[in-house]
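# Inside the fold
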Amino acid sequence: MARVYNFSAGPSMLPESVLRSAQAELLEYGSSGQSVMEMSHRSAVFDDILQQTKQRLRRVLSIPDNYKIGFIQGGASTQFAMVPLNLMTTGTADYIVTGNFSKRAAKEAQKFGTVNVIANTADCNYTAIPDVTKLTYSLNASYVHICENNTIFGTRYTHLPQPEGIPLVSDMSSCILSRPTDVSKYGLIYFGVQKNVAPAGMAIAIVREDLLGKAPSNVPDMLNYTTLLDADSMYNTPPCWCIYMTGLVLRWIEEEIGGLEKMEQLNERKAQLLYDYLDGQDFFKNSVNKPDRSIMNVVFTSPTPELDALFCKQAAQQGFVNLKGHRLVGGMRASIYNAMPEQGVVDLISFMKEFAAKNG
Ligand SMILES: Cc1ncc(COP(=O)(O)O)c(C=O)c1O
């Protein structure tokens, strides 16, 4: 078996040891006589998986007691609607647009109230993050929404907006669990799990308790955080397999990696290797404002679109797959999430050097 280095932006690589654990337990979980895929979500054995997964997430991310955790279907895009439906109590919210997903989140929220886009980096083609200390926040905003790591454009926030009295809502789909996070700085964190956490099919929301219970009564139950969280993610049949896989990945972070500080060191080192290489040559270019560079998604271009296409084709032949950039940006994107081994980055850089030498 030859596993490739998969640089996909999501769904993405999962740690090999996690896949092996899932494989070993596929036919029979513990001594239950059944697969996790088959068991009733109301059974004691599944309830134990759910509780363990929640406890691990709370431990790994140091989630304070006054935050609730929900496992929710519909991906991160459904959260674009759930956030305003549940939290826009003043009828208005501030959005910072730094890429495609925050743009979509703002557009979705407009259906439910007044959206103030207080900063938009479209002018520089989303290659930078605004200085959040210089923005004017609306006094009556119910919350301020950001996308903390811009998967498509390869940028990330290094400082968080903290306007007095206004909760911060963050889409952390492509950076969650990549480094320690001070959850107390947020009112609500949400993320699709298909990058750093589990296979596709679920989002997780971490919600400060005082923000719950305020949705208007016409909000559908399945889009109401309070309904879902009060039922401990069991209001209906939850995405059982995704919850189980989340637990395995969290166990990997805790027991094999050694926690989020260690995870961050590994991620910083991988990103540094790639950025150092990019900065030390002229064939490939990364046009992101340096302080805002993502450590998860590294975007770059070669001198021409034809060479970009050739690069992706030849890279795939060598076992480096899914390097094509998003259609909005072109070029290449190496998504180097938690599960990408450092060796994958080292080998990619060797391939890039060879390619540049042959085509420069
Ligand atoms: C930062 C970010 N937010 C939201 C989404 C949308 O997620 P989903 O496909 O789970 O709806 C993505 C998907 O790649 C993303 O990267």
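Above this text sits the structure in question.
Everything numeric in this text was worked out from a predicted model, so none of it was measured.

### Description of the nonpolar core
L177, F284 and F311 are the most contacted members of the largest nonpolar core, which has 90 residues in total. Top contributing element to this core by residue count: helix α6 (residues 240–257), with 11 residues. Two domains each provide a minimum of three residues to this core, namely domain 1 (16–256) and domain 2 (260–359).

### Topic: the packing of helix α3 (residues 75–87) against helix α4 (residues 100–109)
If you want to describe how two helices pack, look at the angle between their axes and the distance between the axes. Their axes nearest at 8 Å, the elements α3 and α4 cross at an angle of 45°. Relative to α4, α3 is oriented oblique. Handedness of the α3/α4 crossing: right-handed. Here S77, F80, A81 and P84 of α3 lie close against α4, whose contacting residues are F101, R104, A105, E108 and A109. Partitioning the contact of α3 with α4 into residue classes produces 6 nonpolar, 1 polar and 2 charged.

### Comments concerning the pairing of strand β10 (residues 203–208)
Here β10 lies mainly inside the structure; 5 of its 6 residues are buried. Pairing of strand β2 (residues 67–72) with β10, which is carried by 6 bridges, proceeds in the antiparallel orientation. The residue bridging Y67 from the neighbouring strand is R208, located in β10. Relative to β10, strand β9 (residues 188–192) runs antiparallel, the two sharing 5 bridges. In the sheet register, G192 faces β10, and the bridge partner there is A203.

### Focus on the packing of helix α2 (residues 44–60) against α6
Look at α2 against α6: their axes get within 9 Å of each other, and the N-to-C directions meet at 40°. Relative to α6, α2 is oriented oblique. As α2 packs across α6, the resulting crossing turns out to be left-handed. Each of F46, I49, L50, T53, R56, L57, R59 and V60 in α2 lies in contact with α6, whose residues at this interface are C240, I243, Y244, T246, G247, L250, R251, I253, E254 and E255. Among the residues making up the contact of α2 with α6, the classes are represented as 10 nonpolar, 3 polar and 5 charged.

### A word on α2
For α2, with 17 residues, the first-to-last C-alpha span of 24 Å sits near the 24 Å given by 1.5 Å per residue. Where α2 is concerned, the buried positions are F46, I49, L50, T53, K54, R56, L57 and V60. The arc that holds the buried residues of α2, viewed along the axis, is 160°, so those residues lie on one side. Where α2 is buried, its residues contact β2, β10, α6 and α7 (260–279). S62, located one to two residues past α2, shows a positive phi value of around 50°.

### Comments concerning the site of the ligand
With respect to spatial proximity, 13 residues lie near the ligand, and among them S77, T151, D171, Q194 and K195 are the closest. S77 is positioned with one of its side-chain polar atoms (N or O) 2.6 Å from an oxygen atom of the ligand. One of the side-chain N or O atoms of D171 is found 2.6 Å from a nitrogen atom in the ligand. Protein burial of the ligand: of its 390 Å² of free accessible surface, 83% is covered by the chains. Tallying contributions element by element places α3 first for the shell around the ligand, with 4 residues. Of the residues assigned to the shell around the ligand, the class counts are 4 nonpolar, 7 polar and 2 charged.

Procedures and definitions
Residues numbered from 1 in each chain as written. Predicted model: local features only at pLDDT ≥ 70, side-chain atom pairs only at ≥ 80, totals over all residues. Heavy atoms only, no water. Core = buried A, V, L, I, M, F, W, Y, C linked by side-chain atoms within 4.5 Å. Buried < 20%, exposed > 50% of the residue type's maximum accessible area, 1.4 Å probe, protein only. Helix = DSSP H or I, 4+ residues; strand = E, 2+ residues; numbered from the N terminus. Domains from an automatic or database assignment. Axes fitted to C-alpha atoms, helices over the stretch in contact; angles between N-to-C directions. Parallel < 35°, antiparallel > 145°, perpendicular 65-115°, else oblique. Left-handed = near helix turned anticlockwise from the far one by under 90°. Contact = heavy atoms within 4.5 Å. Nonpolar A, V, L, I, M, F, W, Y, C, P; charged D, E, K, R; others polar. Pairing = 2+ DSSP bridges. Expected span 1.5 Å × (residues − 1). Arc of directions from axis to C-beta. Near = heavy atom within 4 Å. Polar contact = N/O pair within 3.5 Å; in protein donor to acceptor, adjacent residues only side chain to side chain. Areas by Shrake-Rupley, 256 points an atom, 1.4 Å probe, with all protein chains shown as cover.

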